[in-house]
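# Architecture and fold: a report
Listed here are the chains, written in short residue letters.
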Amino acid sequence: MGTQEMMKLYYGWIFPYRDFYKWLAYGNDSKLPQADAGFMQRREFCFTLDGDIFDLDGLQAAIKERCPSKLDIGPVYNINPARRAAYAGSGQTFTPVERELVFDIDLTDYDDVRTCGSGGHICNKCWPLMAVAIQILDAGLRRDFGFQHILYVYSGRRGVHAWVCDDRARCLSDEQRTAVANYFAVYRGQEGGLARLALGLEEHPAVTRAAAILEPVFVERLLPEQGLLSDDKRQEALLAYIPSERVRERARQRWAQGEAGDDVARWHALEEEVAKEQATLAKARDTRGAKALDRAMRSVVFAHAYPRLDLEVSKKMNHLLKAPFCVHPKTGKVCVPIDPERAHKFDPETVVTVGRLLDQLNKARGGVKGSDAGEEWRSTDLVPAIQTFRACFLDGLQGACRESLAARARESAAQPTLVW
Amino acid sequence: MVGWVLANSVGAPALTPSKEGLSSEPGSKHALPSLSMYSELPGSEISIEEFEQAALDRLRVLKGLDDLKAKGFRPDQVQDKVLSLVDQYLKAATRESTIRKDTVSHYVLRLAYCRTEELRRWFLAQECDLFRARFRALLPGEQRAFIEGNRLPFRPLTPAEFREVEDDLRATMLAVTGSLQQTNALFQGAAAPHEAFYRAPFEAVPDLVGSRRVYLRAGHAYVSRDQAVSLAVQPFRAALSKALVTTARRWSQVVGPSEAHRLAPIVESLSQRYLGPDYSDPEKRGVTGQVAASDIPRLAQESFPLCMQVMAQALHESHHLKHDGRMQLGLFLKGIGLPLEEAVRFWRAEMAATAPGEKFDKEFLYNVRHNYGKEGNRRDYTPYTCSKIIASVPGVGQVHGCPFRTFGPDALRSAISRLQVTPAKVDEACAKAKAGHFQLACAAVWEGKHGCSCETGINHPNQYFEESQKVLHGEQQPGGPGLSQSQGVSTANPAPAGASPLPASVQPHTKHARVA
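Chain B is annotated in an unreviewed UniProt entry as DNA primase large subunit of Auxenochlorella protothecoides. On record in UniProt, under Function (unreviewed entry), the comment for chain B is "DNA primase is the polymerase that synthesizes small RNA primers for the Okazaki fragments made during discontinuous DNA replication."

Under an unreviewed UniProt entry, the name given to chain A is DNA primase, and the organism recorded is Auxenochlorella protothecoides. What the UniProt record of chain A gives under Sequence similarities (unreviewed entry) is the line "Belongs to the eukaryotic-type primase small subunit family."

Given below as structure tokens:
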């Protein structure tokens, strides 16, 4: 069966429309008087510029009909995107009014620090980079910015998307989105073989927290699994961060003598040499030199492990981003949600594929198609993915949406009405 | 006197106005009486002269501020310069009248600059920078009073809130300032350290969030009093931006039909207003008669700006210049002191090959006399300013306009090189022109030609000429009195004190190093 054929069956029978719609309606599918009935209609879907999507059936029909190889979600506009031509010249400009705050992290941006592969490659050895990115982002978004409704999704190939869906996040201006994205941007590219890092001389609490998250992942996972100190070239690349020739030389000697066995032991040997040098510097009252060594060691960790965000995706309200639960056309993998608490346990290599789901559906139905279209996922391996979607994201979001609609209703009830 | 026709229909921002202007306490360096969100219109009657004068004075401040930025100063470097511009132009006799002038001028310029997207953007940028500079000059107590007085959505921390975040705040301020001393000052200086910080929604300070210069917790930004300007400028920008759009929409309602013919021309001309000295009446400035037709080739070599040189040369070579060019060059020549008789002689001689004898009298004499106000409606026409010249677009076969704008890169480079300008300045001028800074490019050429810096900038071709003559021949000649005496241009041969200015044609040329 060709991929296109499989897609057709997937979007015809398995795609979890109901959950998907519940999310994007943000409570406006309810019967509450404050609900905005036209809300879904004004959302941009990248294949739907000429079609109406205003309810669950419409969404289902549109996706099934077009059978997209890619499904992207854009912002909610002030008017229905399909009708925007009709409003031209009416004085009403077509503008996005709300949009989830989104983040995109892609492993291709880490090619200089991963040794297991490059480009579209992904495996369990480089996944810790994505997992720790989720940890850092999640801590910052929740603790610093106070956001609560965040969905993390495997992008289907070699990266992760984050959707921040709080009311407050959805109405951020482009300028404010840029500010949030830049707040997380510590890694600023490469320069002369070294990472350019916006760490500052003294550390911001967010940077300190990031360091605490990164260090164990770097030492326990990345060092051994990526073999970051396993040959001369990699050793020199890492030593380039150390601003003391004496320390570099002693580390080289110890590593050459084979005294330190594996990558982790080599790192600890380097740490010991740094500590020794710092003790010497402290005796000479050279606090600046001692500090510089601290910063260098920290830079190594940040350069190899700190999330490298694709900032452009986050900065603009009208940037399109691939929808969760759609199928990556090259890999056949489904873009499944990730539980941020268990990000390190996520296995990108065993993510469910459209082929496997169809097999399971076939077996369950014995080849006979049931009537409950759109809920057929219940008999497939998509079940845990949807459980994660609900438990980590949708249940909390729906509660909050109901709450905020009810609050709006109370507010408007308190306002004197102008209609007699 | 006219009533203040603007009434409250000009979209006043939603912020509650501050009734209490902030008095400047003794000891603050610049005696700035007040800082305003301009949320309330000036209430009383206002004369049309005051209306226009106040607006022009504010425009001088805003243009000066823009010039400083164009020269590459960073916002923190322009602070003092901006404040002295404010002192110079916006200060009035009393505190009340200064506040009034500030408010009136702001509202008039809102009207003048609300009409296109481009004008709005320029005005908004300058007003925000002005606001920033003035806010920074306030003492911490005044800043706080301003924030509270305008009911901005920020408040100082309570002691309990402060204790909860104190350690993280300290770490943040250390990271931001990089100085233990400065950090300690924040935490120990005030009697109540919690009052040194404000809490605001993070959305209110995107600049601080984006550069990680603020502590964030649960969606709140903790802003130190040293950063309070970021808190204040955002609502100012938002309110002004909104008000400009509303004002643009309501412009016709705002200026009632009875006032339209009086106010509209003033308001509409303000956004293109030239603010340098007035070159319209050479007689009053005592320069008429100093230039003869025969001086023009030499003066062109010495002191004409590129646009005039290009035209003089085209005229000389093709013995013709189209109407727009004759206006631009003719009025410039009038401005440098060429009297009518000499102008007629000049044009007749230059055009003799194409318009001999009677043909000239029939077709062009009227035009020359017209420029001098001797024909038609007898208006004494004013020499064109740089902004007017830059705005005009020459068609095929026309050579008027600003060559820094109209010439291609190669043509411009060779045209500048012909002026015998140092190579570094040729590069600078070409780069400035390419970046769209035509007047700065022209100033670079001026500097390259005269070997000294152009303090005033170039805003008018006649100013280019007079500044050039001042450098070449000393202060007295031929600029005459009343022009930037404070400039202190260094010259090798200042005219002897008390010597009466001689006409340029008989002045001994003592300094002609650069004249071919």
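To continue, consider the overall build of chain A. In terms of helices and strands, chain A carries 15 helices and 10 strands. Counting over 420 residues, chain A shows a buried share of 52%. Of the contacts made within chain A by residues no fewer than 6 positions apart, 69% connect residues no fewer than 24 positions apart. Accessible surface for chain A amounts to roughly 18800 Å². Of this, 50% is attributable to carbon and sulfur atoms.

For the rest of this paragraph, the subject is the UniProt feature "binding site: [4Fe-4S] cluster" (unreviewed entry) in chain B. Residue and element names in this part refer to chain B. The UniProt entry lists Cys-307, Cys-386, Cys-402 and Cys-442 under the feature "binding site: [4Fe-4S] cluster" (unreviewed entry), expressed in the numbering used here. Spanning 136 residues, the named residues nonetheless gather at one spot, since no C-alpha pair among them exceeds 10.1 Å. Position of Cys-307 relative to the elements: it lies in helix H12 (residues 306-318). If we skip the residues at most four places from it in the chain, Cys-307 touches Gln-328, Gly-401 and Pro-403. Residues in contact with Cys-442, not counting those within four places in the same chain, are Pro-305, Phe-404, Ile-458 and Tyr-464.

All names here are of chain A. As for its position among the elements, Glu-376 is in the loop between helix H14 (354-365) and helix H15 (382-414). Accessibility expressed as a relative area gives 2% for Glu-376, which makes it buried. In this structure, the C-alpha to C-alpha distance between Glu-376 and Trp-13, residues 363 residues apart in sequence, is 5.8 Å.

Now for the sheet that holds strand S4 (residues 220-224) of chain B. Within the open sheet, the four strands sit side by side as S1-S2-S4-S3 (chain B). Their pairing is antiparallel. Because the sheet does not close on itself, it has two edges, and the strands there are strand S1 (155-156) and strand S3 (215-217) of chain B.

Attention now goes to the sheet that holds strand S10 (residues 337-338) of chain A. Think of a sheet as strands paired side by side through backbone hydrogen bonds, with each pair either parallel or antiparallel. Spatially, four strands are ordered S4-S6-S5-S10 (chain A) in an open sheet, and the strand pairing comes out antiparallel. Among the strands making up the open sheet, the edge pair consists of strand S4 (101-106) and S10 of chain A.

Moving on, we get to helix H7 (residues 180-188) of chain B. All names here are of chain B. Looking only at H7, the buried set comprises Thr-183, Leu-186 and Phe-187. For H7, the arc enclosing every buried residue in end-on projection is 90°, short of the 170-degree limit, so these residues lie on one face. Exposed side chains of H7 directed beyond 90 degrees from the buried face belong to Gln-181 and Gln-188. On its buried face, H7 sits against helix H6 (159-177), strand S2 (197-201) and S4.

Attention shifts here to the confidence of the model for chain A. On average, chain A scores 87 in pLDDT, and the residues at 70 or more come to 92%. Contacts of residues 48-52 of chain A to residues separated by more than four positions or lying in other chains number 12 contacts, the stretch itself having pLDDT below 50.

Relative to S2 of chain B, S1 of chain B runs antiparallel, the two being bridged by two bridges. By the bridge assignment for S2 of chain B, Pro-156 of chain B is matched with Tyr-198 of chain B.

As a rule of thumb, nonpolar side chains are buried together in soluble globular proteins. Formed by 200 residues in total, the largest nonpolar core has its most connected members in Tyr-10, Trp-23, Trp-267, Leu-270 and Leu-382 of chain A. Within the second largest apolar cluster, 60 residues are counted, among which are Phe-332, Ile-336, Ala-441 and Tyr-464 of chain B.

A few words on the packing of helix H8 (residues 205-226) of chain A against helix H11 (residues 263-283) of chain A. Residues and elements named next belong to chain A. Close contact between H8 and H11 brings their axes to 8 Å; oriented N to C, the two are set at 125°. Comparing their axes, H11 and H8 come out oblique. Along the contact surface, H8 presents Phe-218, Val-219, Leu-223 and Pro-224, while H11 presents Asp-263, Val-264, Trp-267 and His-268. For the contact of H8 with H11, the per-class residue count stands at six nonpolar, one polar and one charged.

Analysis parameters
Residues numbered from 1 in each chain as written. Chains lettered and ligands numbered in written order. Predicted model: local features only at pLDDT ≥ 70, side-chain atom pairs only at ≥ 80, totals over all residues. Heavy atoms only, no water. UniProt positions renumbered as here; feature names shortened; annotations may be inferred. Helix = DSSP H or I, 4+ residues; strand = E, 2+ residues; numbered from the N terminus. Buried < 20%, exposed > 50% of the residue type's maximum accessible area, 1.4 Å probe, protein only. Contact = heavy atoms within 4.5 Å. Areas by Shrake-Rupley, 256 points an atom, 1.4 Å probe, with all protein chains shown as cover. Pairing = 2+ DSSP bridges. Arc of directions from axis to C-beta. pLDDT = per-residue confidence, 0-100. Core = buried A, V, L, I, M, F, W, Y, C linked by side-chain atoms within 4.5 Å. Axes fitted to C-alpha atoms, helices over the stretch in contact; angles between N-to-C directions. Parallel < 35°, antiparallel > 145°, perpendicular 65-115°, else oblique. Nonpolar A, V, L, I, M, F, W, Y, C, P; charged D, E, K, R; others polar.

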